[in-house]
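# What the coordinates show
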Amino acid sequence: MTEKEQGRPRILSGMRPTGKLHLGHWVGALENWVKLQDQYECYFFVADWHALTTHYADTSELRENVREMVTDWLAVGLDPAKATFFLQSHLLEHAELHLLLSMVMPLGWLERVPTYKEQLENIKDRDLHTYGFLGYPVLQAADILIYKAKYVPVGEDQLPHIELTRELARRFNNFYGAVFPEPKALLTAIPRLRGTDGRRMSKSYGNTIYLSDPPEVVSRKVADMMTDPARKRRSDKGNPDVCPVFDHHKVFSPQDVIDRVNRECRTAEIGCVDCKKLMAEHVNKFLAPILKRRKSYEEDPKRVLSILEEGTKKARSVAQATMAEVRAAVKLA
């Protein structure tokens, strides 16, 4: 641990590698991560084992997805000098702790996790009746507890997972002694950015604007975006509150533009075409420095992998120290 890191609370957060990241990832997580790296000792990990819980049948793009995702992390301003990036699957200590925690995890605790039944009902194109899917909260708990993270930044929908981790830490400690501190949720506002079709922005819906999209691609996607469905003609008054384009204005446009669009849409002083062009302009201004940083990493992909490798080495030293404590507590060493 560096002198600068000493005394700073530790944070742990991860992301499943699904390829290039989009504006929804920036709004939902990355913007917050960039801020947190200056305030906390941050560990950000590539959750490639977690990706297998739902995408175990096809791993052909997994390695490429890891590289693309970490490239985007670096492009948006996450700094390996301030935060530790690591690859989950290269740390077998996570798997060992997952196994030991699974020995004391009551089955009923897993079955009551809200997202378990929800995803079983909603994801119909993959068979999720596997232990890996049922037991992923145990692996998630291992990811957090092995670094003795004080805080885990989450939205409200993830609070049950953090509470389950706290309960599991408590149960383990009751059996074997006080090994794990109970992590706390660092509750953050996780706004959802709608995609070009009005639904939640998601790669699976094909409605994304990627952080790596060049200006002409952004402009084309924005031109095809859904707007207020009730506004049929240019002369019709619109309602920005139901318009996905205005959602983007609120995130990426300056306040004077937001105020103008909000006012002139309602009075039909501005049409959807001009509103979209204005929004695309400001999205492209936001993306310009990201594209510039990304290009430097794309030209040197080994640099990305080297950063991930160095971070994984650092994370391994922490994970190994924790597992030495765990084995001693369980009387395995």
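See above for the structure.
Here is what the cut-offs are and how they apply
Residues numbered from 1 in each chain as written. Predicted model: local features only at pLDDT ≥ 70, side-chain atom pairs only at ≥ 80, totals over all residues. Heavy atoms only, no water. Phe/Tyr/Trp six-rings, centres within 6.5 Å; stacked < 30°, edge-to-face > 60°. Helix = DSSP H or I, 4+ residues; strand = E, 2+ residues; numbered from the N terminus. Buried < 20%, exposed > 50% of the residue type's maximum accessible area, 1.4 Å probe, protein only. Salt bridge = Lys/Arg side-chain N within 4 Å of Asp/Glu carboxyl O.

### Section: the packing of aromatic side chains
- Enumeration over the complete set of coordinates arrives at 14 aromatic pairs.
- An angle of 75 degrees between the planes, with centres 5.5 Å apart, marks the rings of Trp 73 and Phe 85 as edge-to-face. Taken together, the residues span a long stretch of sequence, with Trp 73 in helix 3 (residues 62–76) and Phe 85 in strand 3 (residues 83–87) at a distance of 12 residues.
- The buried category is assigned to Trp 73, whose relative accessible area is 0%.
- For Phe 85, a relative accessible area of 1% gives the class buried.

### Regarding the pattern of salt bridges
- On inspection of all chains with the given rule, the structure shows 24 salt bridges.
- Between Asp 236 and Arg 233 there is a salt bridge, and its shortest N-O distance comes to 3.3 Å.
- Judged by relative accessible area, Asp 236 falls into the buried class, the value being 16%.
- Given the relative accessible area of 56%, Arg 233 is considered exposed.
- Of the charged contacts, one joins Arg 260 and Glu 264 as a salt bridge, the two residues approaching to 3.2 Å between their closest N and O atoms. Here Arg 260 and its partner Glu 264 are both found in helix 12 (residues 255–266), four residues apart, which amounts to about one turn of the helix.
- With relative accessibility at 13%, the residue Glu 264 sits in the buried group.
- Each of Glu 64, Arg 67, Glu 68, Asp 72, Arg 294 and Glu 298 takes part in salt bridges that share partners, so that together they form one network.

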